[in-house]
2 protein chains.
Amino acid sequence: MPTQNKQILLASRPHGEPTLDNFKLVQTELPSPAPGQLLLRSLYLSLDPYMRGRMNEGKSYASPVEVGGVMGGQAVTEVVESNHPDHRVGEIVLAPIGWQEYALSDGDGLQEIDPSLGPISYALGVLGMPGLTAYTGLMNIGQPKPGETLVVAAASGAVGSVVGQLGKLKGCRVIGIAGGAEKCRYVNEELGFDDCLDHRAADLAGRLKAACPDGVDVYFENVGGEVFTAVFPLLNNFARIPVCGLIAHYNATELPSGPDRVPLLMQNVLVKRLTLRGFIVSDFAAQFPQFLEEVGGWVRAGRIKYKEDVSEGLENAPRELIGVLRGENFGKKIVRVGTVPREA
Amino acid sequence: MPTQNKQILLASRPHGEPTLDNFKLVQTELPSPAPGQLLLRSLYLSLDPYMRGRMNEGKSYASPVEVGGVMGGQAVTEVVESNHPDHRVGEIVLAPIGWQEYALSDGDGLQEIDPSLGPISYALGVLGMPGLTAYTGLMNIGQPKPGETLVVAAASGAVGSVVGQLGKLKGCRVIGIAGGAEKCRYVNEELGFDDCLDHRAADLAGRLKAACPDGVDVYFENVGGEVFTAVFPLLNNFARIPVCGLIAHYNATELPSGPDRVPLLMQNVLVKRLTLRGFIVSDFAAQFPQFLEEVGGWVRAGRIKYKEDVSEGLENAPRELIGVLRGENFGKKIVRVGTVPREA
């Protein structure tokens, strides 16, 4: 058993794009669990775009990380010591311990992972928060119907890839948008979308229009920026827009220059009877069992495919989060923090 | 029986605010109904903000009025000749005959008015399209709950006055916004809102914030512009915004200057899990019987009050519509086109 713990702290708040200077790696004494506590060892850390928001000061839907505090996040962990009646050593649990190798827990917020459902790291992706985000946002707000056109950006990512494949299972025409030819090829050929457009190539708006001859009925918004601008004029009457993320804006330090397009947006909301609705996965937490059964079944049957982008070592998490915010990851970004026990 | 008909045509499309030159009063031969047809005599013409949109070229949710065509709209009419098996002379019917004294009809789109439900002109307001707009938008999209705060603009108008009174009946704290002290006094004292703010006085944002100490849960959007800007920062998590009209923008010829606040709007939609949903009354036409029973009952019981602003003579309709778009009407604007028979 080691005697030291590694943690990554928020050293300072970023202005715009985060830099490595905003993070600090520290070594601390490995703590011992008091009565009723557990010691958890991190195996896989999830890196997700929402973490950029937590680095800012000020109220959002969750409290910000304090400067000097451990960066937050979910990890797949192993129970290595237990003074807790409900947990035994060797259990694999999802735990909100953030960016560190070890952490104490009093059991709150832990979720046992059943290794028979798939690789344990999937609890950070297709069978966890991103998958549930895709499933609940699409089903509750997007409400896709057979024959409708669904557009999803960040289509090779943890959320977008599931949204699009669910759309196909629901009988939609599904158009993905992704950054770069390799991701688009994957989305098109491996995930089975009807088409995937590279947003880095010229004239996204024109190509998207050509790819959506019947307009757009559901736009799953997880990007914002130029992609939203391209989709917007194609929206059909009664289109639904689940708003799940806006990664294009997370590093923005000011609003774009004018004109102010809010009146244009609202006019379209009115005339086309659009529904824009924001959501956060926790709003639909009660649907987790149903999600796990349905999507878990499709994953095991190979009808939903899933790609991980794994980096090694906690110390690389800052660089990798910066990469996620640039769209450099290809698949769900996770960091392997510790040696993973042989899976069941 | 006269031999001449008066009609008001769209003479030219307005650029910005309409002017009297955009309209043309003409006299035509009074037509005779063919077999299967009716001749209708207009009693009351409804003037509504949506009519500004119909004066523009280009596709909206309804076809535009053609240049040289009769201005469109709903009227309360009397059947004065009938070769139609389902209608007899003397009946009072709501008819989409537009801005004219007489019109032929083959019976399509007519809706019989039951004079026992209230004054026949109410079919253009509280018991008609504006009332149904208020009722369906608030109930289906706004979904007000007891104790929540509801904000409604144009609060003395045909739609806003009903929205606010329904909100009170549903147990909400209701804050109105209207133009001028007289309208605010009416909304406050006669309609029983909790407060009404004059948007023409200084610091609407600050006064609205003070009037909504618990934030805003439902904002019934029928105005846009500065009112939306004042409400927006006060919206609570999970607030609902039925988007019903944007009168502040109808005469706009270009977008306002920057910055572009769309990213700010979308960020709030996400973080606060807002729902913005546009609707048009026809989307909820199936709820008309339920509306008529429920709201009609409240009107007859005096629990929903209603104010009409009546102008005399078809020839004044252009001037009066321009006034509606400036917010000069006080209550539902209707034009008395013809002598009204003694009501039942």
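The rules we used
Residues numbered from 1 in each chain as written. Chains lettered and ligands numbered in written order. Predicted model: local features only at pLDDT ≥ 70, side-chain atom pairs only at ≥ 80, totals over all residues. Heavy atoms only, no water. Helix = DSSP H or I, 4+ residues; strand = E, 2+ residues; numbered from the N terminus. Rg over C-alpha atoms; globule rule 2.2 N^0.38 Å. Buried < 20%, exposed > 50% of the residue type's maximum accessible area, 1.4 Å probe, protein only. Contact = heavy atoms within 4.5 Å. Areas by Shrake-Rupley, 256 points an atom, 1.4 Å probe, with all protein chains shown as cover. Lys, Arg positive; Asp, Glu negative; His and termini not counted. Charge placed at Lys NZ, Arg CZ, Asp CG, Glu CD. Pairing = 2+ DSSP bridges. Axes fitted to C-alpha atoms, helices over the stretch in contact; angles between N-to-C directions. Buried area = accessible area lost by both parts, 1.4 Å probe. Salt bridge = Lys/Arg side-chain N within 4 Å of Asp/Glu carboxyl O. Polar contact = N/O pair within 3.5 Å; in protein donor to acceptor, adjacent residues only side chain to side chain. Parallel < 35°, antiparallel > 145°, perpendicular 65-115°, else oblique. Left-handed = near helix turned anticlockwise from the far one by under 90°. Arc of directions from axis to C-beta. Domains from an automatic or database assignment.

Draft legend 1. Structural detail: the overall build of chain A. Counting its secondary structure elements, chain A contains nine helices and 15 strands. Taking 2.2 N^0.38 as the reference for a compact globule, 344 residues should give roughly 20 Å; the C-alpha atoms of chain A span a radius of gyration of 21 Å, in line with that estimate. With the principal axes as the frame, chain A shows a C-alpha extent of 60 × 45 × 35 Å. Each of the 344 residues in chain A was classed as buried or not, and the buried ones make up 56%. Long-range pairs, those at least 24 residues apart, make up 68% of the contacts in chain A between residues at least 6 apart in sequence. With an accessible surface of roughly 14,100 Å², chain A has 49% of that area assigned to carbon and sulfur atoms. Looking at chain A, you have 32 positive and 39 negative side-chain charges, and the mean spots of the two groups are 5 Å apart.

Draft legend 2. Representation of the sheet that holds strand 11 (residues 216-220) of chain B within the structure. Taken together, 12 strands build an open sheet; the order of strands is 10(A)-9(A)-8(A)-11(A)-12(A)-13(A)-13(B)-12(B)-11(B)-8(B)-9(B)-10(B) and the sheet is mixed. Both outer strands of the open sheet, strand 10 (195-198) of chain A together with strand 10 (195-198) of chain B, are each paired with one neighbouring strand and no more. Strand-to-strand twist across the sheet, computed as the mean angle between neighbouring axes with direction ignored, equals 15°. Summarising the sheet, strand 8 (residues 149-152) of chain A and strand 11 (residues 216-220) of chain A pair through three bridges and their orientation is parallel. What sits directly across from Leu150(A), in strand 11 of chain A, is Val218(A).

Draft legend 3. Geometry of the environment of Ile280(A). With respect to the helices, strands and loops of the structure, Ile280(A) is situated in the loop between strand 13 (275-278) and helix 8 (288-300). Relative accessible area serves as the criterion here: at 10%, Ile280(A) is assigned to the buried category. The residues touching Ile280(A), leaving out its near neighbours within four places in the chain, are Tyr61(A), Leu270(B), Val271(B) and Arg273(B).

Draft legend 4. Up close: the interface of chain B and chain A. Taken together, the 37 residues of chain B in the interface contact 37 residues of chain A. When chain B packs against chain A, the two sides together hide about 3,200 Å² of surface, and 72% of this comes from carbon and sulfur. A per-residue breakdown of the area chain B buries against chain A is headed by Asp260(B), Met266(B) and Leu270(B), which together make up 21% of the total. One can count four salt bridges joining chain B with chain A. Among the salt bridges present, the one from Asp260(B) reaches Arg261(A), with a minimum N-O distance of 2.7 Å. Where chain B meets chain A, there are nine residue pairs in polar contact (both at pLDDT 80 or more).

Draft legend 5. Here's a closer look at the pattern of salt bridges. The full count for this structure, using the stated rule, is 26 salt bridges over all chains. Two residues, Asp48(B) and Lys332(B), come together in a salt bridge whose shortest N-O distance is 3.0 Å. Placement of the pair is Asp48(B) in the loop between strand 3 (38-46) and helix 1 (51-54) and Lys332(B) in strand 15 (residues 332-336), with a sequence separation of 284 residues. The exposure class of Lys332(B) is buried, given its relative accessible area of 2%. Through salt bridges with shared partners, one network takes in Asp309(A), Arg319(A), Glu320(A) and Lys333(A).

Draft legend 6. Main features of the packing of helix 2 (residues 129-142) of chain B against helix 3 (residues 160-169) of chain B. Residues and elements named next belong to chain B. With their axes 8 Å apart at the nearest point, helix 2 and helix 3 run at an angle of 45° to one another. As the angle between them shows, helix 2 and helix 3 are arranged oblique. Here helix 2 runs over helix 3; the crossing is right-handed. Across the interface between the two elements, Gly-131, Ala-134, Tyr-135, Leu-138 and Met-139 of helix 2 pack against Val-162, Val-163, Leu-166 and Gly-167 of helix 3.

Draft legend 7. Region of the structure containing helix 5 (residues 204-211) of chain A. Residue and element names in this part refer to chain A. When we look at burial in helix 5, the residues that qualify are Leu-204, Leu-208 and Ala-211. For helix 5, the arc enclosing every buried residue in end-on projection is 60°, short of the 170-degree limit, so these residues lie on one face. Of the exposed residues in helix 5, the ones pointing more than 90 degrees away from its buried face are Lys-209 and Ala-210. Next to the buried residues of helix 5 lie strand 8, strand 9 (173-178), strand 10 and helix 6 (225-231).

Draft legend 8. The domain arrangement of chain A, seen in detail. All names here are of chain A. According to the domain assignment, chain A contains domain 1 (4-125 + 307-336) and domain 2 (129-299). Taking the mean C-alpha position of each, domain 1 and domain 2 sit 27 Å from one another. Across the boundary between the two partners, domain 1 contributes 25 residues, which contact 17 residues of domain 2. Summing both sides of the interface, domain 1 and domain 2 together bury roughly 1,600 Å²; the carbon and sulfur share of this comes to 64%. Taken together, domain 1 and domain 2 are joined by zero salt bridges.

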